[in-house]
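# Structural characterization, general
Listed below, chain by chain, are the residues.
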Amino acid sequence: MTPYFDSLVESSKINVNEEPSFYGSWSPDGSRLVIDAFFNPMTGTRLYAVYVLNADGSGIRELASTPNNTKERSLSIRGVYYPFSWSQWSPDGSRIGIFANIFTVRDFYVIADPDNTLIKTAGKCNYTTVDNIRENILDLEWQTNFIWNPEDTKALIIMDKDPLNDQLYLIDRDGYVLQKLTDTSDRVETAIWSNDGKKIAYSTGQTEDEETGLWIINENGTENKRLDNGIVIGWSPDDSRIYYVDENFSLYSIKVDGTDRFQLSTKSFSRNEDVFSFSPDRKSLIFSTVNDEGVTMFLTDSTGKNVQVLEEFSGRCVFKPSWSPKGDKIAFTQGTDLHTINPDGTGKKLISSAITDYEWHPSGDFISFIASDSVFVASPDGSTKIQLTEDGDNYRFLNDKYLSGWSPDGSRLLISNGSTDLSMIKLEGYEDPLSIDYLIPAEGEKCQLRVRCMSEPVANALVTLNENEIGFTNNSGILNYSCPAAGRYMINASKAGYRSASKVLVVEDNSSASPEKSVVSESSSDPSSDSENEEIPGSEFQVSGFRWTAVVIFLLFFVWRRNFL
């Protein structure tokens, strides 16, 4: 495997006496990863690189890299994570919004195509190389709050050359400005798409001299309406209500027409620290508050009414509560003890003590956690526990507000060893996912549809449009077809031995059609096992319903050692 980051070190002609750090983020269909590699000392040279690779560790390709020689003008490009700013895959995986900055000079985003390279800086400027960005950095706006819309056709972003006058904009999938949505005297602080992508809730002002206004606006810029003072937290699942905190950080709910305002809790709620999460069926909501008196977990219906205390304890909650993907359990930590509980407050079970991290498997059939610096999995009631890695390797998950260690289909778990190694555990019994790509066509035009797996073309894949067969891919994984009439369609690709994929196609009259959302279908493969609560020697592990192979892939750079270190 080519040591890409080491090549960057060599080409920069510098000496690095520390290991680089790594972060990873899965594509929506689980077929690829975007990887951050960076060396970021307190003084001296900084190095940053962003890579894309297939889920099996093959096909590593650099999107961008930037060696820098001074701390003051060090351009940072972060494909995955930066404190309070997260880069994001578009819902169909065809674009990545990459956060970049020069500290105290500019924060901004770059739109990248994972199949090619950088496209351009987001916003009004059109810089397409790292050198152009660095040379013209003061031409860029300060940017924050980059979020793709659910239909994957555009994104919202807050920006201005004066960060005290930030305004809300819409940009297209390649980063070009479509529309300025706001022109307020108070800066726009934060914004969130509605679930259907037709409206945006946003907040203005957060200083002593500014009023913290809560607003909603249509995505085309019409019907801009102020609802109350407050900072937006989220939308109700049916988009009929908005949740927000007032100047005292109490959590409220209000209808989008400004009526039926009520308070959920008198305790202080932090939008960055506390949990606010709807159940998978979108019928219930959990939220938490943490203060000097301890931790309180609340359960309410989707409107925010009928609030009840689910759990209350002194001390602190090291890791946030989270729903099982099945919605039948809630996991939380009391100190460093991992528990699960039923949504009605019954059935509290201790899963493990002295944990340092946890994350649900996407199936909800088991929960993974780290204790004694090793990775374990357990059933939701804690009756079955299996150790997947050896003790003492200082493993950590990548789960965060916007990151997940598990691939979307649950076939692979990405873990870090400290922050200097990035490894993968692969589960047996899972088929590798297909992915669908196509040109952006207009009604009546000819276009090509491409089906791949791990960036390799898949021949003879069956393709359907709204469940009607339209053909099979050729040896290059390509299917030529005529675009249907204007409307919304579901395209599906399937082939024996692969996990099928679906993607929504929106066709507009004399305009463009764009992939809306990539969804990896449920696997029909479900190998059984008769494993009990025990560790199985060797490289294979078993847990109820699954067979595991602990295949640790050192994804990037760090196996090979440089002679000059």
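Each chain has its residues counted from 1, running along the sequence as written. Since the coordinates come from a predicted model, pLDDT governs what is reported: local features require at least 70, and pairs of side-chain atoms require 80 or more to be given and counted, while whole-chain, interface and lining totals use all residues. The side-chain numbers reported here are obtained from all heavy atoms of the structure, hydrogens and water having been left aside.

Here the focus is the overall build of the protein. Per the convention used, a helix needs a DSSP run of H or I reaching at least four residues, while a strand needs a run of E reaching at least two, with both numbered from the N terminus. Per the secondary structure count, the protein includes 2 helices and 49 strands. Put simply, the protein has 565 residues, and 55% of those count as buried. Total accessible area on the protein is roughly 23700 Å²; 45% of this is exposed by carbon and sulfur atoms. Burial status follows relative accessibility: with a 1.4 Å probe on protein chains alone, a residue under 20% of its type maximum counts as buried, one over 50% as exposed, and anything between as partly exposed. Note on areas: Shrake-Rupley with a 1.4 Å probe; residue coverage comes only from the protein chains shown.

To continue, consider the sheet that holds strand β28 (residues 322–323). Backbone hydrogen bonds hold the strands of a sheet together, and the pairing may be parallel or antiparallel. When DSSP locates at least two bridges between a pair of strands, those strands are taken to pair. Spatially, β28-β29-β30-β31 is the arrangement adopted by the 4 strands of the open sheet, whose pairing is antiparallel. For this open sheet the edge positions go to β28 and β31 (349–352), each flanked by a neighbour on one side alone. With 5 bridges connecting them, strand β29 (residues 330–334) and strand β30 (residues 337–341) associate as antiparallel partners. In the sheet register, F332 faces β30, and the bridge partner there is H339.

With that settled, consider the environment of I478. Along the chain, I478 turns up in strand β44 (residues 478–482). Each C-alpha atom, one on I478 and one on A461, is 9.3 Å from the other, the two residues being 17 residues apart in sequence.

We now examine empty space enclosed by the protein. Residues are said to line a cavity or pocket when one of their atoms sits within 4 Å of a point; the points come from a 1 Å grid over protein atoms alone, cavities being sets where a 1.4 Å probe fits but cannot get out and pockets being open sets with protein on both sides within 12 Å along at least five of seven lines. Grid points are joined across faces, edges and corners, and a volume is the space filled by probe spheres set on the points. For the structure on display, the rule yields 2 cavities of 30 Å³ or more. One number sums up the size of the largest cavity: a volume of about 120 Å³. If you go around the largest cavity, you meet 16 residues; those closest to its centre are D29, S31, R32, D92 and S435. Per-element tally for the lining of the largest cavity: the top contributor is strand β39 (residues 435–438), with 3 residues. For the lining of the largest cavity, the per-class residue count stands at 4 nonpolar, 6 polar and 6 charged. Amino acids are sorted into nonpolar (Ala, Val, Leu, Ile, Met, Phe, Trp, Tyr, Cys and Pro), charged (Asp, Glu, Lys and Arg) and polar (every other residue, Gly among them).

The next subject is unusual backbone geometry. One non-glycine residue, N460, lies in positive phi territory at about 60 degrees. Within the element layout of this structure, N460 appears in the loop between β41 (456–457) and β42 (462–465). The residue N466 is not glycine, and still its phi comes out positive at about 50 degrees. For N466, a relative accessible area of 37% corresponds to the partly exposed category.

Secondary-structure assignment places R282 in the loop between β24 (276–278) and β25 (284–291). Along the sequence, R282 and S236 sit 46 residues apart, while their C-alpha atoms lie 8.5 Å from each other. Contacts between residues were defined by any pair of non-hydrogen atoms, one from each residue, lying within 4.5 Å. The contacts of R282, once residues within four sequence positions are left out, are N195, P237 and S302.

So, on to the pattern of salt bridges. Each reported salt bridge corresponds to a side-chain nitrogen of Lys or Arg within 4 Å of a carboxyl oxygen of Asp or Glu. For the structure shown, the criterion picks out 21 salt bridges. Taking the shortest distance from any N to any O, the salt bridge between D115 and R450 comes out at 3.8 Å. Of this pair, D115 sits in the loop between β10 (106–112) and β11 (118–121) while R450 is found in strand β40 (residues 446–453), placing the two residues 335 residues apart along the sequence. Residues K267 and E312 are paired through a salt bridge, measuring 3.2 Å at the closest nitrogen-oxygen approach.

A few words now on the nonpolar core. Core analysis: the largest hydrophobic core is formed by 34 residues, its most contacted members being L449, V451 and I491. Top contributing element to this core by residue count: β40, with 4 residues. Those residues in contact with V451 that sit more than four places away from it in its chain are L434, S435, E456, P457, V458, A461, V463, T473, G477 and A493. Buried residues of nine kinds, namely Ala, Val, Leu, Ile, Met, Phe, Trp, Tyr and Cys, make up a nonpolar core once their side-chain atoms join them within 4.5 Å.

In this fold, G59 is placed in the loop between β3 (46–54) and β4 (61–68). Residue contacts for G59: discarding those within four places in its chain leaves V52, L53 and N54.

Here the focus is the sheet that holds strand β27 (residues 308–313). The antiparallel open sheet is built from 4 strands, whose spatial order is β24-β25-β26-β27. Strands at the two margins of the open sheet, each flanked by one partner only, are β24 and β27. The sheet shows a mean angle of 15 degrees between the axes of neighbouring strands, taken without regard to direction. When strand β26 (residues 294–301) meets β27, the two strands line up antiparallel, connected through 5 bridges. Looking across to β27, one finds that F298 is bridged to V309. Think of each axis as a best-fit line through the C-alpha atoms, taken over the contacting stretch in the case of a helix, with angles from 0 to 180 degrees between the N-to-C directions.

Here the focus is the pairing of β10. Along β10, 6 of the 7 residues are buried, which leaves the element largely enclosed by surrounding structure. The loop that links strand β9 (residues 96–102) with its antiparallel partner β10 comprises 3 residues; one of these, T104, has a positive phi angle of about 70 degrees.

With that settled, consider the side chain of S236. If you trace the backbone, S236 turns up in the loop between β20 (231–235) and β21 (241–245). Look past the residues within four positions of S236 in its chain and what remains in contact with it is N195, R241, Y243, F278 and S302.

By the criterion of burial, strand β38 (residues 421–428) is predominantly enclosed, with 6 of the 8 residues buried. The pairing of strand β37 (residues 412–417) with β38 spans 6 bridges and is antiparallel. Across the sheet, R412 pairs through a bridge with K426, a residue of β38.

In this description, an aromatic ring pair is defined by two values, namely the gap between the centres and the angle between the planes. Within 6.5 Å between ring centres, the rings of Phe, Tyr and Trp (the latter by its six-membered ring) count as paired, and their orientation is classed by plane angle as stacked under 30 degrees, edge-to-face over 60, tilted in between. Under the defined criterion, the tally for this structure stands at 13 aromatic pairs. On the basis of an interplanar angle of 20 degrees and a centroid distance of 5.8 Å, the ring pair of Y244 and Y252 is categorised as stacked. With respect to class, Y244 is no different from Y252; both count as buried. Their ring planes at 5 degrees and their centres at 5.4 Å tell us that F369 and F376 sit as a pair that is stacked. According to the relative accessible area criterion, F369 is buried, its value standing at 2%. A relative accessible area of 16% means that F376 is categorised as buried. A connected cluster of aromatic rings, assembled from ring pairs, spans F99, Y109, F146 and W148. One Lys or Arg, K120, reaches over the ring of Y176 and ends 4.6 Å from the middle of that ring. Criterion for a charge above a ring: Lys NZ or Arg CZ within 6 Å of the ring centre, and within 35 degrees of the ring normal.

One confidence number per residue, pLDDT, is output by the predictor and ranges from 0 to 100. Predicted confidence across the protein gives a mean pLDDT of 80, with 78% of residues reaching 70 or more. Here residues 511–565 is modelled with pLDDT under 50, and outside its nearest four sequence neighbours on either side it reaches 172 contacts, counting other chains as well.

What follows concerns the side chain of Q167. Here Q167 shows up in strand β14 (residues 167–172). Residue class for Q167 comes out buried when judged on its relative accessible area of 1%. A polar side-chain atom of Q167 sits 3.3 Å from the main-chain carbonyl oxygen of N165. Setting aside residues up to four positions removed in sequence, Q167 forms contacts with I157, I158, M159, K180, T182, D183, T184, D186, R187 and V188. The definition of a polar contact used here is a pair of N or O atoms within 3.5 Å, where within protein one atom must be able to donate a hydrogen and the other to accept one, and adjacent residues in sequence count solely through side-chain atom pairs.

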